[in-house]
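Each chain, written out:
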Amino acid sequence: MDRADIWPRVSKKLENILNRQEYETWFKPVKFKMEKTRAVFLVPNHFFRNWIIERYQTILDRTLAEEFGKNLDVEFEIDPDSVFPAAAAEPKDAPLKPIKPKTTLDNRYTFASFVVGSCNELAHSACMAVAEQPGKKYNPLFIFGGAGLGKTHLLTAVGNYILERRPSLKVQYSSSELFTNELIRAIRFGGISSFQDKYRRLDCLLLDDIQFIAGRERTQQEIFYTFNTLLEAGKQMIITSDKKPSDIAGLEKRLWTRFEWGLLTDLQPPDQETKVAILQKKAAEKDLFLSREAAFFLASQPDSNIRVLEGYLNRLSAACELKTEKLTLDVIATVLGPLVGPRKVSLEKVLGTVAEYFEVKVSDMKGSRKTRAISHPRQMAMYMARRLTKASYPEIGRALGGKDHSSIVKGAKKIKNLSILDPGVSQEIRELEKKILETEELQGSGG
Ligand code: ADP
Ligand code: MG
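Owing to the predicted nature of the structure, the values given are computational and were not obtained by experimental measurement.

(A) Structural detail: the sheet that holds strand E7 (residues 236-241). Reading across the sheet, the five strands line up as E5-E6-E7-E4-E8 and stay open at both edges, with parallel pairing between neighbours. The sheet terminates laterally at strand E5 (171-175) and strand E8 (263-266), the two strands that pair on one side only. Within this sheet the neighbouring strands show an average axis-to-axis angle of 15 degrees, counted without direction. Note: strand E4 (residues 141-144) against E7, four bridges, orientation parallel. Counted as the bridge partner of Phe142 is Ile239 from E7.

(B) Molecular detail of the site of ligand 1. In the vicinity of ligand 1 lie 18 residues, with Gly148, His153, Lys282, Arg307 and Glu310 positioned nearest. At 3.3 Å from a nitrogen atom of ligand 1 is found a side-chain nitrogen or oxygen belonging to Asn120. In isolation ligand 1 has 560 Å² of accessible area, and contact with the protein removes 95% of it. Listed by contribution, the elements that provide at least two residues to the shell around ligand 1 are helix H5 (151-165), helix H10 (272-285) and helix H12 (306-323). Its residues placed into classes, the shell around ligand 1 shows seven nonpolar, seven polar and four charged.

(C) Inspection of the environment of Gly411 at higher detail. With respect to the helices, strands and loops of the structure, Gly411 is situated in helix H18 (residues 405-421). The class of Gly411 is buried, set by a relative accessible area of 5%.

(D) Spatial organisation of the confidence of the model for the protein chain. For the protein chain, per-residue confidence averages 86 on the pLDDT scale, and 89% of positions sit at 70 or higher. Note that residues 97-101 has pLDDT below 50 and, in this model, 15 contacts with residues that lie over four places away or in other chains. Ignoring residues within four places in sequence, the model shows residues 440-447, a span with pLDDT below 50, making six contacts including any to other chains.

(E) Molecular detail of helix H13 (residues 329-336). Residues of H13 that are buried: Val331, Ile332 and Leu336. One side of H13 holds all its buried residues, which, seen down the axis, span an arc of 105 degrees. Away from its buried face, by an angle of more than 90 degrees, H13 presents the exposed residues Asp330 and Thr334.

(F) Representation of the sheet that holds strand E3 (residues 73-78) in the model. Taken together, the three strands give an open sheet; going across it, the order is E1-E2-E3, and neighbouring strands pair in mixed fashion. Every interior strand has two partners, whereas the edge strands, strand E1 (31-35) and E3, have only one. On average, adjacent strands in this sheet sit at an angle of 25 degrees to one another, irrespective of strand direction. By the bridge criterion, six bridges tie strand E2 (residues 38-43) to E3 in an arrangement that is parallel.

(G) Up close: the pattern of salt bridges. Overall, the coordinates contain 25 salt bridges when judged by the stated rule. In this structure, the salt-bridge partner of Arg9 is Glu67, at a minimum N-O distance of 2.7 Å. Of the two residues, Arg9 sits in helix H1 (residues 3-17) while Glu67 sits in helix H3 (residues 46-68), which places them 58 residues apart along the sequence. A relative accessible area of 10% means that Glu67 is categorised as buried. For the salt bridge of Arg387 with Glu433, the shortest nitrogen-to-oxygen distance reads 2.6 Å. Of this pair, Arg387 sits in helix H16 (residues 372-388) while Glu433 sits in helix H19 (residues 423-446), and the two are 46 residues apart along the sequence. Residue classification places Arg387 among the buried positions, given a relative accessible area of 10%. Through salt bridges with shared partners, one network takes in Lys33, Glu35, Arg38, Glu75 and Glu77.

Reading the values: rules and limits
Residues numbered from 1 in each chain as written. Chains lettered and ligands numbered in written order. Predicted model: local features only at pLDDT ≥ 70, side-chain atom pairs only at ≥ 80, totals over all residues. Heavy atoms only, no water. Pairing = 2+ DSSP bridges. Helix = DSSP H or I, 4+ residues; strand = E, 2+ residues; numbered from the N terminus. Axes fitted to C-alpha atoms, helices over the stretch in contact; angles between N-to-C directions. Near = heavy atom within 4 Å. Polar contact = N/O pair within 3.5 Å; in protein donor to acceptor, adjacent residues only side chain to side chain. Areas by Shrake-Rupley, 256 points an atom, 1.4 Å probe, with all protein chains shown as cover. Nonpolar A, V, L, I, M, F, W, Y, C, P; charged D, E, K, R; others polar. Buried < 20%, exposed > 50% of the residue type's maximum accessible area, 1.4 Å probe, protein only. pLDDT = per-residue confidence, 0-100. Contact = heavy atoms within 4.5 Å. Arc of directions from axis to C-beta. Salt bridge = Lys/Arg side-chain N within 4 Å of Asp/Glu carboxyl O.

Below, the structure is given as structure tokens:
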């Protein structure tokens, strides 16, 4: 592999993995050179170095290894030509953070940071069981499910759990892409026996995204022998994929049948509640205060899988670091702008959905009767209209049969206050929002 090519490829990958702001802040200003098996990063100052080590070392190691086909020693040097100033108040010989011992496991992915819901509880408990007693229970354990549902997270959590309790065990996380590249390199440069030793002497092999090896004969053969060796020795294998083994086209039968020997378990898309819980957990990890209302709002964005939601959180986190604001819905609307927030929901849609939900007539909501059976839906319509449409107070007033600005303000405020005090009302808001946005989404994509 041509070394000069590596950095552009690695940085392209990082750009995809990280969000743009992170990438541009921390990796754009960095230069790279290869020296034998050392990957040297030239960074503007110590602050940069420490920051990258703290947050990105695992990702960096893994990406380099994937592209290079083997683990590299990563080092940092201060770039004398950098246009960046040395970090303020940085002493000349600022203490350098030690580079963490090399592990292929991302330490953010633990059981503690995994939210369990009905969509993933079986997979989660299978992983826990395996982590407690590797090689004893389900072997192999095969986890499958769509992108972003937490396969890598769970797989890594098992590894972290085992190593925390039994640091002497040999645990290896490899993406199937890394495994393949390592193998190709070993074949090309004559390192096949040390490659085989490395994989066949493990106590636990965590093999991610096995669908990658579809159609690759030599890799499949190697995995077949690795599999047999490990299982015969009672060593644990956990494999993930986007589909169940028999559905992976281009995977040899002797492999997929073996993958089904142990336990197959799948991950389903998270429901609303689980999404909200995940968002709140991720926000807390970033020291962001995300209200439940705000978390719910984000979780109810159409097409919001967890990766998309994390992207939102990263942007919010970057914005709040500068301004130390609380994440209210207003802040969210400002930061995420056109991505989320009031979209093309029409007033008619809001009125119609609210009326249907409370089983009243739209014409009654437009009228002036003050019984609660009517006034509550009416106020709810005012609130939902403010929340989900771009309409101004006077526009909402007109749509509701010519009410004035101040009654719309009052009505919407009343619901907002109730939503804090009365869980029944916040439930109504959630259900209504879901109904309104769901049908909106159908209309948008149905044409
Ligand atoms: P996959 O490997 O299935 O594509 P990942 O494990 O990479 O998905 O998960 C994508 C992101 O979503 C990660 O940041 C992960 O931490 C997060 N995530 C997914 N499911 C959960 C969950 N149940 N609890 C906490 N975080 C989750
Ligand atoms: Mg993954």
